[in-house]
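# Summary of structural features
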Amino acid sequence: MGFKILKVLSFVLIGFFYQGQVSMKELKGEYEKPQKVFIEGQRGWAENGTYLWTAVSTYNVGIGTSTPIYKLDVVGNSRIQGDLYINSWPIRIQSAPSAGQVLKWNAAQNAFIPDADAGGTGNQVVYTSEASTSSNTWVDVPGMSITITTGNQGVFVLAVLRRTKHFSSGSIGYYRLLIDGVQKVYEEVIYGFTNDTKEIVLSWYENLSAGTHTIKVQWCTNVATLYMNEGGKATSNLIVWR
């Protein structure tokens, strides 16, 4: 009799410990314990035995940081075995990429995958002789003109005029970069003393419409003569990359 009383008390105590969430039949193993939802109120975590999530929509989750500023903020290395989705589009890397490969969209795989970088197309003109001007109105810099054909695409232009020189102290050289006759970049350079030598760099980026475009550099001066590649001791370049 005493043994039966102790057994009943044991079940009562166990039931009290689980705060009524587990029935006596469950403890006896008469049927499988049902799935229960647990909510940790202070920190807003919720789970249902299959998923774990933040029950508060405004919370950010930090791994390696106590002050996350994004929905998931990881400080340290992370590893993903599978696809990484940016919105609905996956990035898929299944083996070590070869040197120089970049991510490209692959329609057959419906994902971004490593592929060879085709690069862009470049054009360059090189001028090695000495050039000069005494004009006080705009004239073309010798050798600094190029005509290209593009699609609707971005084009980067770089003009480097080396060893520009004035033999008059306080003289000024004016330089500009034009695309299809429209000035894009302008620079005014003061030559502070006799035989002052400077390098001029003009650069520009623009999305050009499909068609043929002419790119050139012009210059002029306020007094005497302005030189480029003075004495044939330098080389100047006009480079277009698209």
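Residues numbered from 1 in each chain as written. Predicted model: local features only at pLDDT ≥ 70, side-chain atom pairs only at ≥ 80, totals over all residues. Heavy atoms only, no water.

### Things to note about the overall build of the protein chain
Each helix and strand counted, the protein chain has two helices and 19 strands in total. Here the protein chain holds 242 residues, and 26% of them are scored as buried. Surface exposure of the protein chain reaches about 15900 Å², of which carbon and sulfur atoms provide 54%. (Helix = DSSP H or I, 4+ residues; strand = E, 2+ residues; numbered from the N terminus. Buried < 20%, exposed > 50% of the residue type's maximum accessible area, 1.4 Å probe, protein only. Areas by Shrake-Rupley, 256 points an atom, 1.4 Å probe, with all protein chains shown as cover.)

### What about the packing of aromatic side chains?
If you walk through the whole model with that rule in mind, you get four aromatic pairs. With centroids separated by 4.9 Å and ring planes inclined at 70 degrees, the aromatic side chains of W105 and F112 adopt a geometry described as edge-to-face. The exposure class assigned to W105 is partly exposed, which follows from its relative accessible area of 37%. With a relative accessible area of 30%, F112 lands in the partly exposed category. (Phe/Tyr/Trp six-rings, centres within 6.5 Å; stacked < 30°, edge-to-face > 60°.)

### Thoughts on the pattern of salt bridges
Within this structure, the stated rule accounts for seven salt bridges. Residue K216 is joined to D140 by a salt bridge in which the shortest nitrogen-to-oxygen separation is 3.1 Å. Taken together, the residues K216 in strand β17 (residues 211-221) and D140 in strand β12 (residues 139-150) connect sequence positions 76 residues apart. Of the residues examined, K216 reaches a relative accessible area of 22% and is grouped as partly exposed. (Salt bridge = Lys/Arg side-chain N within 4 Å of Asp/Glu carboxyl O.)

### Thoughts on a nonpolar patch on the surface
A cluster of nonpolar residues, W89, I93, L103, W105 and F112, forms a patch on the protein surface that exposes about 490 Å² of accessible area. When you line up the elements, I93 lands in the loop between β7 (89-91) and β8 (102-106). (Patch = residues over 30% accessible without salt bridge, like charges linked within 9 Å, V, L, I, M, F, W, Y side chains within 5 Å.)

### A look at the side chain of T164
With respect to the helices and strands, the residue T164 is situated in strand β13 (residues 153-166). A polar contact of 2.8 Å, which involves the side chain of T164, links it to the backbone oxygen of K198. (Polar contact = N/O pair within 3.5 Å; in protein donor to acceptor, adjacent residues only side chain to side chain.)

### Regarding the sheet that holds strand β15 (residues 182-191)
Across the sheet, four strands lie side by side as β12-β17-β14-β15; this open sheet has antiparallel pairing. If you trace the sheet from one side to the other, it starts and ends with β12 and β15, each paired once. Between one strand and the next, the sheet's axes are offset by a mean angle of 10 degrees, whatever the strand orientation. Alignment of β12 against β17, held across eight bridges, turns out to be antiparallel. (Pairing = 2+ DSSP bridges. Axes fitted to C-alpha atoms, helices over the stretch in contact; angles between N-to-C directions.)

### Here we look at the confidence of the model for the protein chain
For the protein chain, the average pLDDT comes to 84, and 81% of its residues sit at 70 or higher. Throughout residues 3-28 the model reports pLDDT below 50, and contacts reaching past four residues in sequence, or to other chains, amount to 16 contacts. (pLDDT = per-residue confidence, 0-100. Contact = heavy atoms within 4.5 Å.)

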